[in-house]
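Each chain, written out:
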Amino acid sequence: MFRKLHIQLTFFCTLVSGLILILMSLICVFFSEARARESCFSDFQLKTAMLIHQAESQSVFSLGWFSQLKADTQFEMNIQDNGAELLLQDLSPCRLDAKIFAAARETARKDYGLREENVSPDTKLSSNADFELHADSEDYYACIALIPKNSHILNIAILYPLTGLHHSLIPSRLIFAGADILGVALLGIFFWFYTRRMLRPLSTNRRKQTEFIAAASHELRSPLTVILSCLSSMKGASADESEHFAEMILSEGKRMGRLIDDMLTLSHSDGSHFTISKTNVELDTLILSACEKFEPLALRKNISLDFSLPDSLSAPYACDRERIEQVLWILLDNALSYTPENGRVCLTLTETPDRLCIRVEDNGPGIPDSEKEAVFDRFYRCDQSHKDKEHFGLGLSIAREIVHMHRGKIWAEDTPGGGASFVVLFKKTIGICSVPSQRRPQSHENDTHGR
């Protein structure tokens, strides 16, 4: 599915970008050619003006002058004297059909009012019109000039074929076309890698969802299988055995309930329905409460549970008390589960002017560097042989979501001397109420095993 989407996105992005590129190129070509035509027409007007000035100053047109003029300007000319073509035209025949000159003169008469009958014998100034002409499937620049000569009127028609101009524009068009083809190809390559990079998180998320569903199904199937097995065995069991099976059903039901609660917590965080209710909370009080809660478990496992708090009371921190307490319980429960007998777990709260830091350290087996990020994945167990039914591999995922909702950070690192440490970092915020700072006894460390 993602491969097909990758191809479609690449094609669509390349198509849209390519069309924009081609459109911009066409606009550039249009203005470039418009300027070239404008420049060429200005040059044509300048040359025709010079030619008309020379014609006004000459009383006789020689073959040499006529031939040299055509060679210098590449103009095609037709000269009439009182409506009759000059003999000079026969000495140097035009390559163009006489109909084209006639069309040029007709255009000058209709569109520009250039008529010989309007020129009187007393007229001293010549008149002319420059325009673009399309005739016989060709484009021309045309100039029609009426020059009074005593009792004669010279009608000079000058045509300049635009074939050369069109040919000169072809290289620039080819350059733009080649640039567009190369640009579209580069855009296609770019969008191939860019869209693949964009889709990679979606593909990874889909894969993780599939793994999550598979792992959740497995975890739910285990207690369900035990429950169904116990119910089946209770049919022919004695009273004592039935009571034992009932206890197992109750235990597995509670286990399934905890798993469902954890999954619902994560689903709420994914769906942006994971709400927190902030109040003023004294984190040092939460630390003491968490240690007190896990003291019996530490005693049963013969593990030393210590805590360390700042010398002075911490200012209240605006957070969700129940959620932060849930984070502490997850981290302590995780640490006590992986810490061996006679081990040590320490819960520490430190603060700076703008930071609050909570650390949970143990001296257990530790976490390899390659798995320090993966431990926060759902249903992940660093030790795959660890089959503690109380842990589904969701706790650290929930803790990370809660910390992120408080705009904090959580990560795992090595404990000096061996073991794993989980660090939670919060930006210090201003509390709702003011609590006076008091001195507390130096370094609170409490070995619960000794208490």
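Before reading further, recall that the structure is shown in the block above.
Below you will find a few notes about this structure. (Residues numbered from 1 in each chain as written. Predicted model: local features only at pLDDT ≥ 70, side-chain atom pairs only at ≥ 80, totals over all residues. Heavy atoms only, no water.)

## A few points about the packing of helix α8 (residues 321-338) against helix α9 (residues 395-405)
Rules: With axes taken as lines fitted to C-alpha atoms, and helix axes fitted only over the stretch in contact, angles between N-to-C directions fall between 0 and 180 degrees. For the purposes of this entry, the term helix denotes a DSSP run of H or I that reaches at least four residues, the term strand denotes a run of E that reaches at least two, and both are numbered from the N terminus. Crossings are sorted by hand: turned counterclockwise from the far helix by less than a right angle, the near helix makes the crossing left-handed, and turned clockwise it makes it right-handed. Contact between two residues is taken to exist if any of their heavy atoms lie within 4.5 Å; hydrogens are not considered. Note on residue classes: Ala, Val, Leu, Ile, Met, Phe, Trp, Tyr, Cys and Pro are nonpolar, Asp, Glu, Lys and Arg are charged, and everything else, Gly too, is polar.
α9 packs onto α8 with a crossing angle of 145 degrees between their chain directions and a minimal axis gap of 9 Å. Relative to α9, the crossing made by α8 is left-handed. Of the residues in α9, those touching α8 at R323, I324, Q326, V327, I330 and L331 are G395, L396, I398, A399, I402 and V403. Among the residues forming the contact of α8 with α9, the class breakdown is 9 nonpolar, 2 polar and 1 charged.

## Describing the nonpolar core
Threshold: Nonpolar cores are built from buried Ala, Val, Leu, Ile, Met, Phe, Trp, Tyr and Cys residues. Side-chain atoms within 4.5 Å join them into one set. When a residue's accessible area, from a 1.4 Å probe over protein chains only, is under 20% of the maximum for its type it is buried; when over 50% it is exposed; and in between it is partly exposed.
Counting residues in each nonpolar core, the largest one holds 43 residues, and the members touching the most others are I287 and L347. Beyond its immediate chain neighbours, meaning those up to four positions away, L347 contacts I287, A290, C291, D306, F307, S308, L328, L332, I358, R359 and V360. Counting 20 residues, the second-largest nonpolar core is a separate cluster that includes C40, A55, L69 and F75.

## A few points about unusual backbone geometry
The backbone of N302 shows a phi angle near 60 degrees, a positive value even though the residue is not glycine. One non-glycine residue, R407, adopts positive backbone phi at about 60 degrees.

## As for a negative patch on the surface
Which entries qualify depends on this criterion: Residues forming no salt bridge and having over 30% relative accessible area are the ones grouped into patches, like charges within 9 Å of each other and nonpolar side chains (Val, Leu, Ile, Met, Phe, Trp, Tyr) within 5 Å. Exposure was quantified through the Shrake-Rupley algorithm and a 1.4 Å probe, taking into account, for residues, occlusion by the shown protein chains and nothing else. Each salt bridge in this description consists of a side-chain nitrogen of Lys or Arg and a carboxyl oxygen of Asp or Glu lying within 4 Å of one another. Neither His nor the chain ends is counted toward charge; the positive residues are Lys and Arg and the negative residues Asp and Glu. Note that the charge is assigned to NZ on lysines, CZ on arginines, CG on aspartates and CD on glutamates.
On the surface, D240, E241, E243 and E247 cluster together into a patch of negative charge. You can see E241 is positioned in helix α6 (residues 239-270).

## Examining the packing of aromatic side chains
For clarity, the threshold we go by: To pair, rings of Phe, Tyr and Trp, with the six-membered ring standing in for Trp, must have centres within 6.5 Å; the planes then decide the type, stacked if under 30 degrees apart, edge-to-face if over 60, and tilted in the middle.
Tallied over the entire structure, the rule returns 12 aromatic pairs. Their ring planes at 80 degrees and their centres at 5.4 Å tell us that F30 and F31 sit as a pair that is edge-to-face. Of the two residues, F30 and F31, both sit in the exposed class. Considering the side-chain rings of F44 and F75, the 5.2 Å spacing of their centres and the 70 degrees angle between planes classify their relative orientation as edge-to-face.

## Let's talk about α8
Here is the rule we go by: For a helix, the expected span equals 1.5 Å multiplied by the residue count minus one. Contacts described as polar in this section are N or O atom pairs within 3.5 Å, which, within protein, must combine one atom able to donate a hydrogen with one able to accept it, while residues neighboring in sequence count only if both atoms come from side chains.
Compared with an ideal rise of 1.5 Å per residue, which puts 18 residues at 26 Å, α8 spans 26 Å between its outermost C-alpha atoms and is within 8% of the ideal. Residues I324, E325, V327, L328, I330, L331, L332, N334, A335, L336 and S337 constitute the buried set of α8. The backbone nitrogen of E322 lies 3.2 Å from a side-chain oxygen of the residue at the head of α8, namely D320.

## Remarks on the sheet that holds strand β5 (residues 152-161)
Quick reminder of the rule: Strands are labelled as partners when DSSP assigns at least two bridges between them.
Sheet architecture is open: 5 strands sit in the order β2-β1-β5-β4-β3, paired in antiparallel fashion. Every interior strand has two partners, whereas the edge strands, β2 (84-85) and β3 (127-135), have only one. Relative to β5, strand β4 (residues 138-149) runs antiparallel, the two sharing 10 bridges. Within the sheet, the bridge partner assigned to L146 lies in β5 and is N155.

Geometric descriptors of this kind do not, in isolation, establish any biological role.
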